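Single-letter residue listing:
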Amino acid sequence: MTEHEVDVVVIGMGPGGEHAAGQLAEAGLVVAGVEARLVGGECPYWGCVPSKMMIRAANLLAEGRRIPGMSGASAVRPDWAPVAGRIRAEATDNWDDQVAADRFTGQGGLLFRGHGTIVAPGRVAVGGDVLRARRGIVINTGTAPVIPPVPGLAGTPYWTNHEAIEAEQVPDSLIVLGGGAIGVELAQVYHRFGARVTVVEALGQLLPLEEPEAGTLLAEVFGREGIGVRTGSKAERVSYYAGPGDRARFTVTLGDGGEVTGSRLLVAIGRRADLAAVGTGRVGIDESQHAVPVDDHMRAAPGVWAIGDVAGQGNFTHMSYYHAEIVVADILGLEHHPAEHHAVPRVTFTDPEIGAVGLTEAQAREQGLVVRTGLAQVPASARGWIHKAGNDGFIKLVEDAGRGVLAGATSAGPWGGEVLSMLTLAVHARLPTRRLREMIYAYPTFHRAVEDALRAL
């Protein structure tokens, strides 16, 4: 074993870890970054960046198909090659992280490649190296796809989001297990590029963590587009026939006795942190938990911080960056607001986009709040009526009526994630709903539907 003495060890160089490590190194600390895969993590190689390139391309196809009846005639022919090429060349450098690695070492950081495990307080083992941290350890190990113990699934060539992003051809048919954000985004992309797609969700709606109106809307849109939706359907068994090319077939038997078939099977039922693999037990953190518990400075134990997915406050790149800023300030002794998680924004980049922030109506009621809701339909707004083709959407506001502020909101529709920005600010800053009612809303905009929803409270 070779020992190295440093100030801070960052285990996991995903977005937040890379950001924290780089900032600390530029501040003059000796920082060791540990990464078992690619510097930059899930987001730039298999998550946010390449998936949104796919979505952008798929949405262009959809817009082209909306021309008839609006502005002329159109004939759209999908071609996956430019999409796969752009992902490989522009997003991932063919899944090579040299640019990101050089960026970190150029900031003065020390990069150790391999799996990092805490072996004692202030000590992290990476292969044949032991890193001794004078100031502390930052855990940013993220999450990995959950693979359910469905009989017959193990040993088959199922896809996770990695294979779906790396694919160089569109399969003739695709089964998607899981109706959460990853599942529905990729389902719509592949359908728009010509695959026959069926989404299977064990719970009663698509996007089960969001408002029921969001799941209903998306199911209606999918139905019109020709995407199969089986909600309330649990996969009971998987069988696979290894034929050549698109003759290969997965068959998923559902709890109601029905079956769905496809040449590819995408498993997207959720993601999970593995605390035991990090060795959190050696610093007093229960390894059986689903996430590392932290305080409002992201401290998990003396000299230990946790950020991003592994901290359990949302599996989003923006959360990882947010947490990283707090940890950097804490380590450097700088002033920074403590972490606030009452206004976590999230966007599902389907068409329509579904943005949400804070609590759903059900969550607000579970917390004992006095709840009022306001709902406005985007097609009924002036901009929605003008937009016409592809104008599906709604605004839903969840008010904490006892305090007269918004506890949560959903913005679904064209550019729903962008309309969400004002609602995120309102929830985060706890702006009185009365003041929101008295604002000036530009006309005719999609965000003006927020004013309609406020009237409906």
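Every value quoted in this text rests on a predicted model; they were computed, and no experiment measured them. (Residues numbered from 1 in each chain as written. Predicted model: local features only at pLDDT ≥ 70, side-chain atom pairs only at ≥ 80, totals over all residues. Heavy atoms only, no water.)

Structural notes on the overall build of the protein chain
No. 1: Summing up its helical and strand segments, the protein chain has 15 helices and 22 strands in all.
No. 2: At 23 Å, the protein chain has a C-alpha radius of gyration in line with the 23 Å of a compact globule built from 457 residues.
No. 3: Across the 457 residues of the protein chain, 52% fall into the buried class.
No. 4: Pairs at least 24 residues apart make up 63% of the contacts formed inside the protein chain by residues separated by at least 6 positions.
No. 5: Surface exposure of the protein chain reaches about 20,000 Å², of which carbon and sulfur atoms provide 52%. (Helix = DSSP H or I, 4+ residues; strand = E, 2+ residues; numbered from the N terminus. Rg over C-alpha atoms; globule rule 2.2 N^0.38 Å. Buried < 20%, exposed > 50% of the residue type's maximum accessible area, 1.4 Å probe, protein only. Contact = heavy atoms within 4.5 Å. Areas by Shrake-Rupley, 256 points an atom, 1.4 Å probe, with all protein chains shown as cover.)

Regarding the packing of helix α3 (residues 48-65) against helix α7 (residues 181-192)
No. 1: Where α3 contacts α7, the two axes come as close as 9 Å, and the packing angle between them is 50°. In this view, α3 runs oblique relative to α7, as classed from their interaxial angle. Crossing hand, α3 versus α7: left-handed. For the pair α3 and α7, contact is made by S51, K52, M54, I55, A58, N59, L61, A62 and R65 and by E185, L186, V189, Y190 and R192, respectively. (Axes fitted to C-alpha atoms, helices over the stretch in contact; angles between N-to-C directions. Parallel < 35°, antiparallel > 145°, perpendicular 65-115°, else oblique. Left-handed = near helix turned anticlockwise from the far one by under 90°.)

Overview of the sheet that holds strand β20 (residues 371-377)
No. 1: The five strands lie next to each other as β18-β19-β22-β21-β20, forming an open sheet whose pairing is antiparallel. A strand with exactly one partner marks an edge of an open sheet, and here the two such strands are β18 (345-348) and β20. Each neighbouring strand pair of the sheet contributes to a mean axis angle of 10°, computed without reference to strand direction.
No. 2: In terms of strand pairing, strand β19 (residues 353-358) meets strand β22 (residues 405-413) through six bridges, oriented antiparallel. Counterpart to G358 in the pairing with β22 is G408.
No. 3: Relative to β22, helix α13 (residues 416-429) is tilted by about 180°, and along the sheet it contacts β18, β19, β21 (394-400) and β22.
No. 4: The strands that helix α15 (residues 449-456) touches are β20 and β21; relative to β20, the one it contacts most, it runs at about 140°. (Pairing = 2+ DSSP bridges.)

Regarding the packing of aromatic side chains
No. 1: Within this structure, the stated rule accounts for six aromatic pairs.
No. 2: Their ring planes at 50° and their centres at 5.7 Å tell us that W159 and Y190 sit as a pair that is tilted. Note that W159 is positioned in the loop between β7 (144-145) and α6 (161-166) and Y190 in helix α7, a separation of 31 residues in sequence.
No. 3: Residue W159 is classed as buried on the basis of its relative accessible area of 8%.
No. 4: When the centroid spacing of 4.5 Å and the interplanar angle of 45° are considered together, the rings of Y240 and F250 count as tilted. Linking Y240 in strand β11 (residues 235-241) with F250 in strand β12 (residues 249-254), this pair joins segments that are ten residues apart in sequence.
No. 5: On the accessibility criterion, F250 (0% relative accessible area) is buried.
No. 6: Each member of the aromatic cluster is reached from another via a ring pair, and the members are W80, W159, Y190 and F193. (Phe/Tyr/Trp six-rings, centres within 6.5 Å; stacked < 30°, edge-to-face > 60°.)

Quick look at the sheet that holds β12
No. 1: With antiparallel pairing, the three strands of this open sheet are ordered in space as β11-β12-β13. Two strands in the sheet have a free side with no partner beyond their single neighbour: β11 and β13 (259-262). With strand direction ignored, the average angle separating the axes of adjacent strands in the sheet is 20°.

Side note on the environment of N315
No. 1: In this structure, N315 sits in the loop between β17 (304-306) and α10 (317-332).
No. 2: Separated by 241 residues in the primary sequence, N315 and S74 place their C-alpha atoms 39 Å from one another.

Considerations on the pattern of salt bridges
It is possible for side chains of opposite charge to pair when their charged atoms get near one another.
No. 1: Enumeration according to the criterion identifies 31 salt bridges in this entry.
No. 2: For R249, the salt bridge is made with D172, and the minimal N-O distance between the two is 3.1 Å. With a gap of 77 residues between them, R249 in strand β12 and D172 in the loop between α6 and β8 (173-177) connect regions that are remote in the sequence.
No. 3: Judged by relative accessible area, which is 25%, R249 ranks as partly exposed.
No. 4: For D172, a relative accessible area of 32% gives the class partly exposed.
No. 5: Across the salt bridge formed by R372 and E399, the nearest N and O atoms sit 2.7 Å from each other. With R372 in strand β20 and E399 in strand β21, this pair connects stretches of sequence that are 27 residues apart. (Salt bridge = Lys/Arg side-chain N within 4 Å of Asp/Glu carboxyl O.)

Describing the pairing of β18
Residues in a regular strand point their side chains to alternate faces of the sheet.
No. 1: The two faces of β18 differ: R346 and T348 on one face are buried, but P345 and V347 on the other face are not.
No. 2: Note that β18 and β19 share four bridges and pair antiparallel. Opposite V347, over in β19, you have G355 as the bridge partner.

Some points on the nonpolar core
No. 1: Residues M54, Y190 and V197 are the most contacted members of the largest nonpolar core, which totals 67 residues.
No. 2: Here this core gets six residues from one element, more than from any other, and that element is α3.
No. 3: Leaving out residues up to four positions away in the same chain, V197 has contacts with L174, V176, A187, Y190, H191, G226, I227 and G228.
No. 4: I11, V124, V292 and V304 belong to the second-largest nonpolar core, a separate cluster that totals 24 residues. (Core = buried A, V, L, I, M, F, W, Y, C linked by side-chain atoms within 4.5 Å.)

Some points on the side chain of K396
No. 1: Of note, K396 is situated in strand β21.
No. 2: Within the structure, K396 has its side chain in polar contact with the side chain of E211 (distance 3.0 Å).
No. 3: Filtering out sequence-adjacent residues up to four positions away, K396 remains in contact with E211, E213, E361, T373, G374, L375, G408, A409 and T410. (Polar contact = N/O pair within 3.5 Å; in protein donor to acceptor, adjacent residues only side chain to side chain.)

Focus: unusual backbone geometry
No. 1: Cis peptide bonds are those with omega within 30 degrees of zero, and the linkage from D351 to P352 qualifies with 10°.
No. 2: For P352, the location among the structural elements is in the loop between β18 and β19.
No. 3: With an omega of -10°, the peptide bond between Y443 and P444 qualifies as cis.
No. 4: With respect to the helices, strands and loops of the structure, P444 is situated in the loop between α14 (433-437) and α15.
No. 5: Despite not being glycine, K388 shows a phi value in the positive range, around 65°.
No. 6: Residue placement: K388 occurs in the loop between α12 (382-387) and β21.
No. 7: For K388, a relative accessible area of 51% gives the class exposed.

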